[in-house]
Amino acid sequence: MCDENVAVGARVRVSFGRKKVVGIVLSHKEKSDFDKVTWLKSREGALGYKLKSVDEVLDDAPLLSKDILDFLFWSANYYHHPIGEVLASAIPKNMRLGKPAEIKKARAFDNQISSADFDTTEEQNNAITTILASKDNFSGYLLHGVTGSGKTEVYLRITENLLQQGKQILVLVPEIGLTPQMIARFEKRIDGKVVAIHSQLNETQKTDAYLMAKSGEASVVLGTRSAIFAPMPNLGLVIVDEEHDGSFKQQSSFRYSARDLSFMRAKLANAPLILGTATPSLETLKNVMDKKLTRLILSTRPGETVMPEVNLIDMRSQSTEALSLPLIDKMKQHLNNNQQVMLFINRRGYAPVFYCTECDWKAECNHCDAQMVYHRHINRLKCHHCGAEQIPDSSCPSCKQSTLKVLGYGTERLEENLESYFPDTPIIRIDRDTTRRKKAFAQHLEQINSGEPCIIVGTQMLAKGHDFSQLAFVGILDVDVGLLSLDFRATENLAQLLIQVSGRAGRSEHKGEVAIQTRYPNHPIFEYVRQAHYTQYASKLLKERQQTQLPPFSHQAMICANAKNKTQAETFLNEVAQLLRSIDLPTVEIWGPVSGVIEKKADYYYFNLYLQSVDRQALHQMLNTMFGHIDSIKASGSVRWFLDVDPIE
Ligand code: ADP
Ligand code: ZN
Ligand code: ZN
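Residues numbered from 1 in each chain as written. Chains lettered and ligands numbered in written order. Predicted model: local features only at pLDDT ≥ 70, side-chain atom pairs only at ≥ 80, totals over all residues. Heavy atoms only, no water.

J.: Would you take a moment to explain the overall build of the protein for this structure?
T.: Of the regular secondary structure elements, the protein holds 18 helices and 26 strands. C-alpha atoms of the protein, sized along the principal axes, occupy 80 × 65 × 50 Å. Residues counted as buried form 53% of the 649 residues belonging to the protein. Within the protein, contacts between residues at least 6 apart in sequence are counted, and of these 74% link residues at least 24 apart. For the protein, the exposed area adds up to about 29900 Å²; of that, 47% sits on carbon and sulfur atoms. Of the side chains in the protein, 76 bear a positive and 75 a negative charge, and the two mean positions are spaced by 4 Å. (Helix = DSSP H or I, 4+ residues; strand = E, 2+ residues; numbered from the N terminus. Buried < 20%, exposed > 50% of the residue type's maximum accessible area, 1.4 Å probe, protein only. Contact = heavy atoms within 4.5 Å. Areas by Shrake-Rupley, 256 points an atom, 1.4 Å probe, with all protein chains shown as cover. Lys, Arg positive; Asp, Glu negative; His and termini not counted. Charge placed at Lys NZ, Arg CZ, Asp CG, Glu CD.)

Structure (structure tokens):
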């Protein structure tokens, strides 16, 4: 209750039990039906019975405008997630804490802008004019261009045009794709303020960026997934770059996909949407088939640059696990030409297995179903799932002999091995361990961009749109895990990764080369990757998905339960399954519960229950009914559970 007239979308301070909490006014009511104000802290907030008075109004003008609230309500509804948590993930922490909505440290924006010194190609031109022709309405485009084909250039030209009409542009990029390079490219071209929104900023910077988007002062908002919620009154275009990337999906608390939400965001703003990539996800290709997206193709790289040549190295005839002789030869050849080479291995640390050669004992995590990874520079065994660490024993804990060894390779061991082959060449290792420090990644990139010959060793952090102009050769190690995985998306993701990583090679005038080491050289995926025929491979995978009725030809939701007590987690899901089966919706299939890919993580046992239907509405109807009855299931002990709509593992 409140005497003043508080606007919907404004923040208020209210006493809640003994505490005072910050909430957001969502509607005006005489009586409580729970949704007058949503507390930003917790789910409990939804249980307030009597209307209490507002202690303090924090915003004169609403923090959240009607359009952004409409979008947030739509999102909460689609993901069946409490609106309070949705709001909390959509606004910066300082705003949740009730701090004043004022820009603190307006950063100096004195970009020296310069226009491009080349003409667009015919294909680029076609993309630009097609998209600009529909600039005042929602229409969705897939900008499908090989790596280096000039997609970013298309974004820039459309942005330049729309800014002249006072529009704001939202650009979403993958978590690690938001490099200073990308920001600099926009700043150099755009006559307006470019603000970045990502996790490396401090709270003041995050709040300032948010408020500049909201005031319309920011012309371009460039951010990772949470930027999809940035308030932008003049939003005129939404771009999702590298749309296939998994990091657009949030995998904790409010599990949304910024890529999927970008459709509704653009629709509500009557603005066009561009999904850009060299390797479209099958979901996106299905949207093209269904005419929800129009595909615009950039088939070649502009200028002289050609696509790299891709070769396989059959590891069955090599005596080593990691660096085969043909690979070393190729590296030498390109380094001697004063070029850079890159090795890609998707595992950090020194070695993934630490074991006893006599009794087969292996170092395993005490809290997870996982092996400990050895990290040499700190001499520790680490669990990459729960973070547990220990100093390795010098003799086997089981048979007491001094016969402990490591097996397999991670980035750290590869780096060490390379030092012996290439003692005079700088080696730059890029993985989560070497980039933990703020700015470390940027410094590594700077060294690479200086162009001196070097060997770059890294994990998938390197697969994202970095443009290394002196990189002539890419070696890909250890892809076989992806071929053997049970996840139905594994081969799709592997093909995307191989093509993206290959695309790093040969951006300069030299023809690039790629070598892939594998023990399965006859797997069909390689023939497509070698010829850069991603679309054909994707069509083949789409046919398989259609035959098996898997996404994107059906829709899934996953209910995950976990508990310290294994039976409790499983029993809970069995009861949920029973409840779901009692709902009469025959088009929805229910399977499980099945144990998680890693059953035990940080002492909790994980089980999943899957719902799948070709009819999205039926699936959501079942979820709504489930939420109406789930309180009747007495979860014994402390079972935690969550719902994941459109899960990707
Ligand atoms: P993508 O985003 O598809 O990887 P970019 O837009 O980064 O490709 O383009 C790759 C490189 O080619 C960049 O250095 C860019 O400046 C340049 N480029 C883009 N379009 C053209 C063009 N029409 N003519 C010449 N160079 C171009
Ligand atoms: Zn662990
Ligand atoms: Zn032993």
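J.: Hey, could you run me through the site of ligand 1 in this one?
T.: Within the structure, ligand 1 sits among 16 residues, and Asp119, Gln124, Lys151, Thr152 and Arg185 are positioned closest to it. Between ligand 1 and aspartate 119 there is a distance of 2.9 Å, counted from a nitrogen atom to a backbone nitrogen or oxygen. At 3.1 Å from an oxygen atom of ligand 1 is found a main-chain nitrogen or oxygen belonging to glutamate 153. Taking 560 Å² as the accessible area of ligand 1 by itself, protein coverage stands at 77%. (Near = heavy atom within 4 Å. Polar contact = N/O pair within 3.5 Å; in protein donor to acceptor, adjacent residues only side chain to side chain.)

J.: Hey, could you run me through the coordination of the zinc ion (ligand 2) in this one?
T.: Under ideal tetrahedral coordination, the four donors around a metal are separated by 109.5 degrees; under ideal octahedral coordination, the six donors are separated by 90 or 180 degrees. Taken together, the protein ligands of the zinc ion (ligand 2) are Cys365 (SG), Cys368 (SG), Cys383 (SG) and Cys386 (SG), with distances of 2.2 to 2.3 Å. The site at the zinc ion (ligand 2) holds four donor atoms, and with the angles between them running 105 to 113 degrees, its shape is tetrahedral. Counting the intervening residues between successive donors of the zinc ion (ligand 2) yields the motif C-x2-C-x14-C-x2-C. For cysteine 383, a relative accessible area of 2% puts it in the buried group. (Donors = N, O, S within 2.8 Å, 3.2 Å for Na, K, Ca; no water. Tetrahedral: all angles 85-135°; square planar, octahedral: opposite > 155°, others 65-115°.)

J.: What's the story with helix α16 (residues 534-548) in this structure? I'm lost.
T.: Each turn of an α-helix holds 3.6 residues, which means side chains three or four residues apart point in the same direction. End to end, α16 covers 21 Å across 15 residues, agreeing with the expected 21 Å (1.5 Å per residue, within 8%). Looking only at α16, the buried set comprises Tyr534, Tyr537, Ala538, Leu541, Leu542 and Arg545. The buried residues of α16 all sit within an arc of 140 degrees when viewed along its axis, so they share a single face. The outward face of α16, more than 90 degrees from its buried face, is lined by the exposed residues Lys543 and Gln547. Looking at the buried side of α16, the elements it contacts are α9 (282-289), α14 (490-502) and α15 (524-530). Where α16 ends, the next residue or the one after it, glutamine 549, has phi of about 55 degrees, a positive value. (Expected span 1.5 Å × (residues − 1). Arc of directions from axis to C-beta.)

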